[in-house]
Amino acid sequence: MAEAVLGRERGAGLAEVAPLRRNRAVEGVRGYGLIVAMWIRSTMTYRTSFLLSAVGNAAITLLDFVAISIMFSHVDALGGFTLPEVALLYGSCSASLGLADLVLGNTDRIGSRIRDGSLDTMLVRPVPVLAQVAADRFALRRVGRIVQGAGLLAWAASAVDVEWTFGKALLVPVMVVAGAAIFGAVMVAGAAFQFLAGDAAEVQNSFTYGGCTMLQYPPTVFAKDLLRGVTFVVPLAFVNWLPALYLLGRPDPLGLPQWAAFVSPLVAFAVFLPASLAWRAGVRSYRSTGS
């Protein structure tokens, strides 16, 4: 009898926890949206400044592809890839990183907030800390990278020698969104690491911006040890390399099966889960600056 009562109490407790977690997630999304809307209204007060910043952001990121184009003026192929094929890699990676940077890019500032004590203010607000950190000083100008990457991706898709089917066409937006989720997970994990390191923004950027720079080039130009690292350790290869290889009909240098091109969403979830747990552990370990 006692065991039955205890079992019912445990079941009731679990039933209460699930709605609380859902409500917490809803509060986070709502709080994030409100903060973002506030910063967008502030940004659009000076629309000319915003347009110039967005265009400048797109132009600066486009310079990377200009350098690649100059390289192709001297060679016909790079690692066996033509210019449109490299553009497919560049555009997809740039669009994915742009989305992640727009939504979660400000998480790299958590180290400075820990040092100056401004994180304490966020802890007493009725909004999840991650939502506040990510939405604070929301930079709408970063949409320039997304537009530039998406435009180049569209050109590459029309220029590459691919027999497009519905499945292949659908894989392109899935690749971009899943890639953004993978980059976002890396950003959250890097932000969590800063609770221990104090300031490791450059470490985080080396995996995001540095990783995107690497993914702009064909995987065939890199050593296999590096390919194993970005496939099985920090799975950046699932951002665009594996899906793009499937689209282009090219084999994977590591010999992975073709179905690996379709698991990017699952990889994003698998990376986000430990990243979110690390973030929770970091927030719980925070002891303030004492000021």
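My aim in this report is to walk through the structure given alongside it, one point at a time. (Residues numbered from 1 in each chain as written. Predicted model: local features only at pLDDT ≥ 70, side-chain atom pairs only at ≥ 80, totals over all residues. Heavy atoms only, no water.)

### Comments concerning helix H7 (residues 143-159)
Okay, so step 1: With 17 residues, H7 should cover 24 Å at 1.5 Å per step; its first-to-last C-alpha distance of 24 Å lies within 8% of that length.
Okay, so step 2: Within the sequence span of H7, burial applies to Gly144, Arg145, Ile146, Gln148, Gly149, Leu152, Leu153 and Ala156.
Okay, so step 3: Buried residues along H7 sit against helix H2 (47-72), helix H3 (83-104), helix H8 (166-197) and helix H9 (201-215). (Helix = DSSP H or I, 4+ residues; strand = E, 2+ residues; numbered from the N terminus. Expected span 1.5 Å × (residues − 1). Buried < 20%, exposed > 50% of the residue type's maximum accessible area, 1.4 Å probe, protein only. Contact = heavy atoms within 4.5 Å.)

### Observations regarding the packing of H2 against H3
Okay, so step 1: Put simply, H2 and H3 touch, their axes get as near as 11 Å, and they point 160° apart. On the basis of the axis angle, H2 is roughly antiparallel to H3. For the pair H2 and H3, the sense of crossing is right-handed. Of the residues in H3, those in contact with Thr61, Leu62, Asp64, Phe65, Ile68, Ser69 and Phe72 of H2 are Leu83, Val86, Ala87 and Tyr90.
Okay, so step 2: Partitioning the contact of H2 with H3 into residue classes produces 8 nonpolar, 2 polar and 1 charged. (Axes fitted to C-alpha atoms, helices over the stretch in contact; angles between N-to-C directions. Parallel < 35°, antiparallel > 145°, perpendicular 65-115°, else oblique. Left-handed = near helix turned anticlockwise from the far one by under 90°. Nonpolar A, V, L, I, M, F, W, Y, C, P; charged D, E, K, R; others polar.)

### Quick look at the packing of aromatic side chains
Okay, so step 1: For the coordinates displayed, the defined rule picks out 5 aromatic pairs.
Okay, so step 2: A centroid spacing of 5.3 Å and a plane angle of 50° characterise the contact between Phe65 and Tyr90, whose relative ring orientation is tilted. Of this pair, Phe65 sits in helix H2 while Tyr90 sits in helix H3, and the two are 25 residues apart along the sequence. The pair formed by Phe65 and Tyr90 is uniform in burial state, with each residue classed as buried.
Okay, so step 3: Residues Phe222 and Trp241 carry aromatic rings whose centres are separated by 5.7 Å and whose planes lie at 40° to one another, so their mutual orientation is tilted. Of the two residues, Phe222 sits in the loop between H9 and helix H10 (224-233) while Trp241 sits in helix H11 (residues 241-248), which places them 19 residues apart along the sequence.
Okay, so step 4: With a relative accessible area of 3%, Trp241 lands in the buried category. (Phe/Tyr/Trp six-rings, centres within 6.5 Å; stacked < 30°, edge-to-face > 60°.)

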